[in-house]
Amino acid sequence: MNNGDGNILEVKDLRTYFETEDGVVKAVDGIEFDLKRGETLGIVGESGSGKSVTNLSILRLIPTPPGRIASGEIIFDGQDILSLPQEEIRKIRGKRIAMIFQDPMTSLNPFLRISKQLMELTQLHLGYSKDQAYEHAIKMLETVGIPDARSRVDSYPHEFSGGMRQRVMIAMALSCEPELLIADEPTTALDVTIQAQILELIKKLKRETGTSVILITHDLGVVAGMTDHIIVMYAGKVFEQAPTRELFKCSGNPYTKGLLRSVPDPTSEQGALYQIPGLPPDVAHLPPGCPFEPRCERAEDICRKEFPPFVQLTADHHSLCHFAVPDSRDRAARHVRRQISNGAVDTIVHRARLGLMADDGAHRSRASHLAQKSGIRSCR
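Quick notes on the rules
- Note that residues are indexed from 1 along each chain, following the sequence as it is written.
- It should be noted that, the model being predicted, local features are given only for residues of pLDDT at least 70 and side-chain atom pairs only at 80 or more, the latter also being counted only at that level, while totals for whole chains, interfaces and linings use all residues.
- With hydrogens and water excluded, all non-hydrogen atoms of the structure serve as input to the side-chain values.
- Strands are runs of DSSP state E lasting at least 2 residues, helices are runs of H or I lasting at least 4, and numbering of each runs from the N terminus.
- Exposure classes here rest on a 1.4 Å probe applied to the protein chains alone. A residue is buried below 20% of its type maximum, exposed above 50%, and partly exposed in between.
- Contact between two residues is taken to exist if any of their heavy atoms lie within 4.5 Å; hydrogens are not considered.
- Each helix should span, by expectation, one fewer than its residue count multiplied by 1.5 Å.
- Any Lys or Arg side-chain nitrogen found within 4 Å of a carboxyl oxygen on Asp or Glu counts as a salt bridge.
- Whenever a nitrogen or oxygen atom comes within 3.5 Å of another N or O atom, the pair is scored as a polar contact, on the condition that within protein one atom can donate a hydrogen and the other can accept it, and that pairs from neighbouring residues in sequence are kept only if both atoms are in side chains.
- Here the nonpolar core consists of buried residues drawn from Ala, Val, Leu, Ile, Met, Phe, Trp, Tyr and Cys, with membership extended through side-chain atoms lying within 4.5 Å.
- Only strands that DSSP links by at least two bridges are regarded as paired with each other.
- Every axis in this analysis is a line fitted to C-alpha atoms, fitted for helices over the stretch in contact. Angles between the N-to-C directions lie between 0 and 180 degrees.
- Roughly parallel means an angle under 35 degrees; roughly antiparallel, over 145; roughly perpendicular, 65 to 115; everything else is oblique.
- When residues are sorted by character, Ala, Val, Leu, Ile, Met, Phe, Trp, Tyr, Cys and Pro go into the nonpolar class, Asp, Glu, Lys and Arg into the charged class, and all the rest, Gly among them, into the polar class.
- Pairs of cysteine sulfur atoms within 2.5 Å are what we label disulfides.
- Crossing handedness follows the turn of the near helix against the far one: under a right angle anticlockwise gives a left-handed crossing, and clockwise gives a right-handed one.
- pLDDT is a per-residue confidence score from the predictor, ranging from 0 to 100.

Quick notes on the overall build of the protein chain
Alright, step 1. Scanning the protein chain from N- to C-terminus turns up 15 helices and 12 strands.
Alright, step 2. Across the 380 residues that make up the protein chain, the buried fraction comes to 49%.
Alright, step 3. At a minimum sequence separation of 6, the contacts of the protein chain that also span at least 24 residues come to 65%.

Below you can see the structure in the form of structure tokens.
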């Protein structure tokens, strides 16, 4: 089924809630976005903003109970995923929509060999024989940079380092060349050199197969060089969405501007690093006004009393704020804008030259600890 407007994914008024002893946690509360075929969408925000829950909802992987998708529509290639039976969802997961999970420790079965876990996908979804699936598993491990893949493919997860386990998860996600790849912090725990390889791999897949990508990350430098559009989430809501270049050129939301100011610029002597004051709110007990008001430098009385409107700044640029104004003069984003032109991979390589770089198993944590004792600030 082909969606005539060019969108492979449309999320409409999605609400995912969790029942807890402290009340209903509105982890995702009425978000909407579209993803066009062959494009990459970045989702950024602090931990707890609802990024991962949004994408688990797309795959209908919310644990029930305590979680539930309360309302909304998730239209994938013209079909509402929320209305499909479980058998149809299983045919989509792994084959047409794949996800690189953030924590490989909990995503790999410790009792099964790596080869078995990789072979299951291609045997189930692509109809490969055992021998075909085994050779394909070796090929995918080589693709994601596992050294001596043929001799390592029959290892167990505990025999791999954390970074290697993450690469196995990426290999699993890419095995069936999915139409939509959801990457939840895909370079977590990887060395900076491998980060560049993985990002290049995702870009290559997108370029060669037309795969659409949703990239969840805290790294604004990566999202600047990898994505076509960006969604900024906070407290389960979309606070700002825009084409990537436009958002970095003239962000219109105080929260987005705060995130941009929090990105360290290694080329300047800026003294103490900026951080947004306070902590994210308890989404089970949100204030009546703007959720960001207690932390916002721009807040006024109306922000405490009334929930902000979703203001349209340009045709594709929206911001959830009473005082949403695009500001191209914002200096906070200048060094991040440079990363757009340099590209995400160049940014990571540059970061490798400036920071700590070592292979899996090297003593980076010890070196970082010594640096902190010496008064050297480490920027992740």
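Past the structure itself, the notes keep going.
Overview of the environment of Phe307
Alright, step 1. As for its position among the elements, Phe307 is in the loop between helix 12 (301-305) and strand 11 (310-314).
Alright, step 2. Spatially, the C-alpha atom of Phe307 lies 5.1 Å from that of Cys290, the residues being 17 residues apart in sequence.
Alright, step 3. Residues contacting Phe307, with those up to four places away along its chain left out, are Lys237, Pro288, Gly289, Pro291, Leu320 and His322.

So, helix 7 (residues 162-174)
Alright, step 1. Between its terminal C-alpha atoms helix 7 stretches 19 Å, which fits the 18 Å expected from 13 residues at 1.5 Å a residue.
Alright, step 2. Among the 13 residues in helix 7, 12 count as buried, and that is most of the element.
Alright, step 3. For helix 7, the complete set of buried residues consists of Gly163, Met164, Arg165, Gln166, Arg167, Val168, Met169, Ile170, Ala171, Met172, Ala173 and Leu174.

Here's the deal with the pattern of salt bridges
Alright, step 1. As enumerated under the stated definition, the model contains 16 salt bridges in all.
Alright, step 2. One salt bridge in this structure joins Arg37 and Asp77, with 2.5 Å as the shortest N-O distance. Of this pair, Arg37 sits in the loop between strand 2 (23-36) and strand 3 (40-44) while Asp77 sits in the loop between strand 4 (67-76) and strand 5 (79-80), placing them 40 residues apart in sequence.
Alright, step 3. Residue classification places Arg37 among the partly exposed residues on the basis of a relative accessible area of 34%.
Alright, step 4. In this structure, Glu293 engages Arg304 in a salt bridge whose closest nitrogen and oxygen atoms are separated by 3.0 Å. Of this pair, Glu293 sits in the loop between helix 11 (254-261) and helix 12 while Arg304 sits in helix 12, and the two are 11 residues apart along the sequence.
Alright, step 5. Accessibility expressed as a relative area gives 15% for Glu293, which makes it buried.

Comments concerning the side chain of Thr54
Alright, step 1. Inspection of the secondary structure assignment puts Thr54 in helix 1 (residues 51-58).
Alright, step 2. Using a relative accessible area of 0% as the deciding quantity, one classes Thr54 as buried.
Alright, step 3. Among the polar contacts listed, one links the side chain of Thr54 to the backbone oxygen of Gly50, at a separation of 2.7 Å.
Alright, step 4. Not counting residues up to four positions away in its chain, the partners in contact with Thr54 are Leu14, Val28, Ile31, Phe33 and Met233.

What to know about the nonpolar core
Alright, step 1. Core analysis: the largest hydrophobic core is formed by 55 residues, its most contacted members being Leu9, Phe33 and Ile214.
Alright, step 2. The element best represented in this core is strand 2, accounting for 6 residues.
Alright, step 3. Formed by 38 residues, the second largest nonpolar core is a distinct cluster that contains Cys176, Ala183, Leu201 and Val213.

Focus: the pairing of strand 2
Alright, step 1. Sheet topology note: the strand 1 (residues 7-20)/strand 2 ladder contains 11 bridges and is antiparallel. Across the sheet, residue Arg15 finds its bridge partner in strand 2, namely Asp29.
Alright, step 2. In this structure, the hairpin formed by strand 1 and strand 2 is closed by a connection of 2 residues.

Section: the packing of helix 7 against helix 8 (residues 192-209)
Alright, step 1. In contact at an axis separation of 12 Å, helix 7 and helix 8 are set at 5 degrees when each is read in the N-to-C sense. For the element pair helix 7 / helix 8, the angle class is roughly parallel. Contacts between helix 7 and helix 8 involve Arg167, Ile170 and Leu174 from the first element and Ile194, Ile198, Leu201 and Leu205 from the second.
Alright, step 2. When its residues are assigned to classes, the contact of helix 7 with helix 8 shows 6 nonpolar, no polar and 1 charged.

With respect to the state of the cysteines
Alright, step 1. With the rule as written, the count across this model stands at 0 disulfides.
Alright, step 2. Of all cysteine sulfurs in the structure, the one in Cys321 sits closest to Cys296, which takes part in no disulfide; the separation is 6.3 Å.

Observations concerning the packing of helix 4 (residues 114-125) against helix 7
Alright, step 1. Direction vectors running N to C along helix 4 and helix 7 enclose 20 degrees, while the axes themselves pass 9 Å from each other. The orientation of helix 4 with respect to helix 7, classified from their angle, is roughly parallel. When you trace helix 4 past helix 7, the crossing you get is right-handed. The residues of helix 7 that touch helix 4, namely those facing Ile114, Gln117, Leu118 and Leu121, are Val168, Ala171 and Met172.

A closer look at the pairing of strand 7 (residues 180-184)
Alright, step 1. Strand 7 sits mainly inside the fold: 5 of its 5 residues count as buried.
Alright, step 2. Both faces of strand 7 are covered, namely the face carrying Leu180, Ile182 and Asp184 and the face carrying Leu181 and Ala183.
Alright, step 3. Note: strand 6 (residues 97-100) against strand 7, 4 bridges, orientation parallel. What sits directly across from Met99, in strand 7, is Ile182.
Alright, step 4. Looking at chain direction, strand 7 and strand 8 (residues 212-216) are connected through 5 bridges and run parallel. Bridged to Ile182 within strand 8 is Ile214.

Quick look at the confidence of the model for the protein chain
Alright, step 1. Averaged over all residues, the pLDDT of the protein chain equals 82, while 82% of them reach at least 70.
Alright, step 2. Here residues 348-380 scores under 50 on pLDDT; set against residues more than four positions off or in separate chains, the count is 33 contacts.

Concerning helix 11
Alright, step 1. Within the sequence span of helix 11, burial applies to Tyr255, Thr256, Gly258, Leu259 and Leu260.
Alright, step 2. The N-cap of helix 11, judged by a side-chain oxygen 2.9 Å from the amide nitrogen of Tyr255 a few residues on, is Asn253.

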